[in-house]
Amino acid sequence: MSRRRRPPARKRTKATKRTPHQPRKGAFADLIVQSPKRTADALRGWDGFFPYYAGYPEPFARSVLNSAHLAKSALVLDPWNGSGTTTYAASQLGLASRGFDINPVMLIVARARLLPRSEADVLEPLAREVVKNLRGAQARVRDEDPLLSWFTLPTVALIRALDERIQDHFLGNLTRTKSGIKLENLSGLAATFYVALFSLCRHLAASYQSSNPTWLRQPRDDEYVIESDREEIVAMFLANIQAMAATLAARPAHDGKIADSDLFIADTAALTLAKKVDFILTSPPYCTRIDYAAATRIELALLHPLLGIDMKELGRRMIGSTRVPTAAVARDAEWGATCGRFLKAVKKHPSKASSGYYYKTHLDYFAKMHASLTNLSDVLKDGGKAVLVVQDSYYKDVHNDLATIITEMAGGADLKLGRRVDFHITRSMAGVNPHSRTYRRASGAVESVLCFQKH
């Protein structure tokens, strides 16, 4: 296999330090709030197959939901479900849940995470059937196939052949309908096999890892693309499935009832639900200029023939998009005083493009966030609770107090803050950017757990 040398490894994120809890009182007095920061331990075992950017680990979600004392008939919602931490924790606690995400890759990952332990024994036999006599047909690979950005034509042909085998074995008429692909009907087995294929592509292209350890960049024109043969691809795919089967089988036996989790592709800025929910647990995208579509660019490239998604357009629709919105966005007083002061400071900042590009992208972020919070209030029952994990950041040397901004926005949407717990993080992904050291500002970041109740 031909590949370029890997970039130097980055240091792991250090452990978090918790600030003292505010006094417990009112509706959130019994809620147990652990640190929401993911650690290296959270990426071991079964969860290690889902190394995607996420807001909090499963123990955090489990402790919050378990201490919320929800009725067994309660419905839990995560509108930014990502890799499915909330929906998995809720299902294990016997709580029905719904998870939404605008990125189809994350729906697949979240569905795989819900695969029951009882399926562990069938994974390897099914995988051996899938790769049996696998052959790549180069003539069937389109010239515009996005995987050609990373891999040679013979390698792409093999990956596409494996993709087609997965579709033939696991995608039925409920998923591949006459009107198009309905990912909400994707089975846990199909999702698991796709995650194994995602992992294979990421491993092959590991030399193109970016400064963010969970992202892969596209090769430059002067760099080689990756070449791999059938034996290596088959062996790697089978090894992924075998490891997933082993870790799934090693999960502790579950004595209670595992509840259903419904997963959908949805935009929170345009979210409606027929049934009201009792509890929201989520982590909205941080305002740290993270392109969440780019974080899954190789997975979106793999799914392109199946879904036909334009990654740039998907990225533009996301909260926190790094792309300038196509329609003009005006600052709104309903976003709150803190947000207004921050935006004014960004617009007046002397650095290049502050009053143009950066101001417009921040406007886009807060407009989408305000619309999302309004919609979340609408789908929450009266008296229902919402727990949001957010992180502050800086634009140059201007502090973006996102916890306070979201609290003020939520207040305008009939969501009253009942409790806030802050955790100081000594290292954050925003600090990976070497240009962040140019400006004098506080080190690390503050991750805040905000607890709201609808009135």
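Given the structure is predicted, the values throughout are model-derived calculations rather than measurements. (Residues numbered from 1 in each chain as written. Predicted model: local features only at pLDDT ≥ 70, side-chain atom pairs only at ≥ 80, totals over all residues. Heavy atoms only, no water.)

Engineer: I'm lost on the overall build of the protein chain in this one. Help?
Structural biologist: Helix and strand counts for the protein chain come out as 12 helices and 12 strands. Expressed as a percentage of its 455 residues, the buried residues of the protein chain come to 53%. Within the protein chain, counting contacts between residues at least 6 apart in sequence, those at least 24 apart form 79% of the total. Accessible surface for the protein chain amounts to roughly 20,800 Å². Of this, 49% is attributable to carbon and sulfur atoms. (Helix = DSSP H or I, 4+ residues; strand = E, 2+ residues; numbered from the N terminus. Buried < 20%, exposed > 50% of the residue type's maximum accessible area, 1.4 Å probe, protein only. Contact = heavy atoms within 4.5 Å. Areas by Shrake-Rupley, 256 points an atom, 1.4 Å probe, with all protein chains shown as cover.)

Engineer: Where do I start with helix α6 (residues 188-204) in this structure?
Structural biologist: For an α-helix, the turn length of 3.6 residues means that residues three or four places apart are oriented alike. The end-to-end C-alpha distance of α6, which contains 17 residues, comes to 24 Å, matching closely the 24 Å that a straight helix rising 1.5 Å per residue would cover. With 15 of its 17 residues buried, α6 lies for the most part within the structure. (Expected span 1.5 Å × (residues − 1).)

Engineer: What is the right way to read the pattern of salt bridges from this model?
Structural biologist: Once their charged atoms are close, side chains differing in charge can pair, the charge on each being opposite to the other. Within the structure shown, the criterion is met by 14 salt bridges. A salt bridge links K381 to D278; the nearest nitrogen and oxygen atoms lie 3.0 Å apart. Here D278 lies in strand β7 (residues 277-282) and K381 lies in strand β8 (residues 380-391), a separation of 103 residues in the sequence. Given the relative accessible area of 36%, K381 is considered partly exposed. Several salt bridges converge on common partners, so that one network encompasses R217, R220, D222 and E223. (Salt bridge = Lys/Arg side-chain N within 4 Å of Asp/Glu carboxyl O.)

Engineer: When you look at a positive patch on the surface in this model, what are you seeing that I'm missing?
Structural biologist: Judged by side-chain charge, R331, K344, K347 and K348 come together as a positively charged surface patch. Counting through the fold element by element, K344 comes out in helix α10 (residues 337-348). The class for K344 is partly exposed, based on a relative accessible area of 44%. (Patch = residues over 30% accessible without salt bridge, like charges linked within 9 Å, V, L, I, M, F, W, Y side chains within 5 Å. Lys, Arg positive; Asp, Glu negative; His and termini not counted. Charge placed at Lys NZ, Arg CZ, Asp CG, Glu CD.)

Engineer: It is not clear to me how the packing of helix α4 (residues 120-131) against helix α5 (residues 153-170) should be interpreted in this structure. Could you clarify?
Structural biologist: The packing of two helices is summarised by the inter-axis angle and the distance between the axes. Viewed as axis vectors pointing N to C, α4 and α5 meet at an angle of 125 degrees, and their least axial separation amounts to 9 Å. On the basis of the axis angle, α4 is oblique to α5. Between α4 and α5 lies a crossing of right-handed hand. Touching L126, E129, V130 and V131 of α4 are L162, R165, I166, H169 and F170, all from α5. A class-by-class count of the residues in the contact of α4 with α5 yields 6 nonpolar, 1 polar and 2 charged. (Axes fitted to C-alpha atoms, helices over the stretch in contact; angles between N-to-C directions. Parallel < 35°, antiparallel > 145°, perpendicular 65-115°, else oblique. Left-handed = near helix turned anticlockwise from the far one by under 90°. Nonpolar A, V, L, I, M, F, W, Y, C, P; charged D, E, K, R; others polar.)

Engineer: Help me understand α5, please; the structure alone is not making it clear to me.
Structural biologist: Taking 1.5 Å per residue, 18 residues should reach 26 Å; α5 reaches 26 Å between its end C-alpha atoms and fits that length. Residues of α5 that are buried include every one of T155, V156, A157, L158, I159, R160, A161, L162, D163, I166, Q167 and F170, and no others. Where α5 is buried, its residues meet α4, β4 (176-177), α6, α7 (230-249) and α8 (297-307).

Engineer: Which parts of the structure should I look at to understand the side chain of T86?
Structural biologist: Residue placement: T86 occurs in helix α2 (residues 85-92). A polar contact is formed between the side chain of T86 and the side chain of D78, at a distance of 2.9 Å. Discounting residues that sit within four places of it in the chain, T86 has contacts with Y56, A61, L65, V76, D78, N81 and L281. (Polar contact = N/O pair within 3.5 Å; in protein donor to acceptor, adjacent residues only side chain to side chain.)

Engineer: Looking at this structure, I do not really get the nonpolar core. What am I missing?
Structural biologist: One finds F151 and F237 to be the most contacted residues of the largest nonpolar core, which totals 97 residues. For this core, the leading source of residues is α6, giving 12 residues. Beyond its immediate chain neighbours, meaning those up to four positions away, F237 contacts A127, V131, L162, I166, F193, A196, L197 and L200. Among the nonpolar cores identified, the runner-up in size contains 40 residues, and V277, I280, A386 and I406 belong to it. (Core = buried A, V, L, I, M, F, W, Y, C linked by side-chain atoms within 4.5 Å.)

Engineer: Even after reading the chapter, I still don't get the confidence of the model for the protein chain, so can you show me in this structure?
Structural biologist: For any part of a model where pLDDT is low, the fine detail of the predicted coordinates should not be relied upon. Averaged over all residues, the pLDDT of the protein chain is 88; the fraction at 70 or higher stands at 88%. Counting interchain partners and residues more than four positions distant, the pLDDT-below-50 stretch residues 4-21 has 34 contacts. (pLDDT = per-residue confidence, 0-100.)

Engineer: Would you explain the packing of aromatic side chains in this entry?
Structural biologist: The geometry of an aromatic ring pair is captured by the separation of the ring centres together with the interplanar angle, meaning the angle of the planes. Under the definition given, this model contains 9 aromatic pairs. Judged by centre distance (4.5 Å) and plane angle (40 degrees), the rings of F170 and F193 are tilted. Pair noted here: F170 is in helix α5 and F193 is in helix α6, with a separation of 23 residues, a long-range link. A ring pair is formed by Y357 and Y358, whose centres lie 4.9 Å apart and whose planes are at 75 degrees; its orientation type is edge-to-face. In this structure Y357 comes out as partly exposed when scored by relative accessible area, which is 26%. Among the aromatic residues, ring-to-ring pairing joins F170, F193 and F237 into one connected group. Above the plane of the ring of Y358 lies K396, whose end atom (NZ or CZ) is 5.3 Å from the centre. (Phe/Tyr/Trp six-rings, centres within 6.5 Å; stacked < 30°, edge-to-face > 60°. Lys NZ or Arg CZ within 6 Å of the ring centre and 35° of its normal.)

Engineer: Looking at this structure, I do not really get the pairing of β8. What am I missing?
Structural biologist: One face of the sheet, then the other: side chains in a regular strand alternate in exactly this way. Relative to β8, β7 is paired through 5 bridges, and the arrangement is parallel. Its bridge partner being in β8, T282 is matched across the sheet by L388. Alignment of β8 against strand β12 (residues 445-454), held across 7 bridges, turns out to be antiparallel. Bridging from a neighbouring strand, V387 pairs with C451 of β12. (Pairing = 2+ DSSP bridges.)

Engineer: Please explain the packing of α10 against helix α11 (residues 354-379) as it appears in this structure.
Structural biologist: Look at α10 against α11: their axes get within 8 Å of each other, and the N-to-C directions meet at 160 degrees. Relative to α11, the element α10 is oriented roughly antiparallel. Two packed elements cross with a definite hand, and for α10 against α11 that hand is right-handed. Across the interface between the two elements, C339, F342, L343, V346 and K347 from α10 touch S354, S355, Y358, Y359, H362, L363 and F366 from α11. Split by residue class, the contact of α10 with α11 holds 8 nonpolar, 3 polar and 1 charged.

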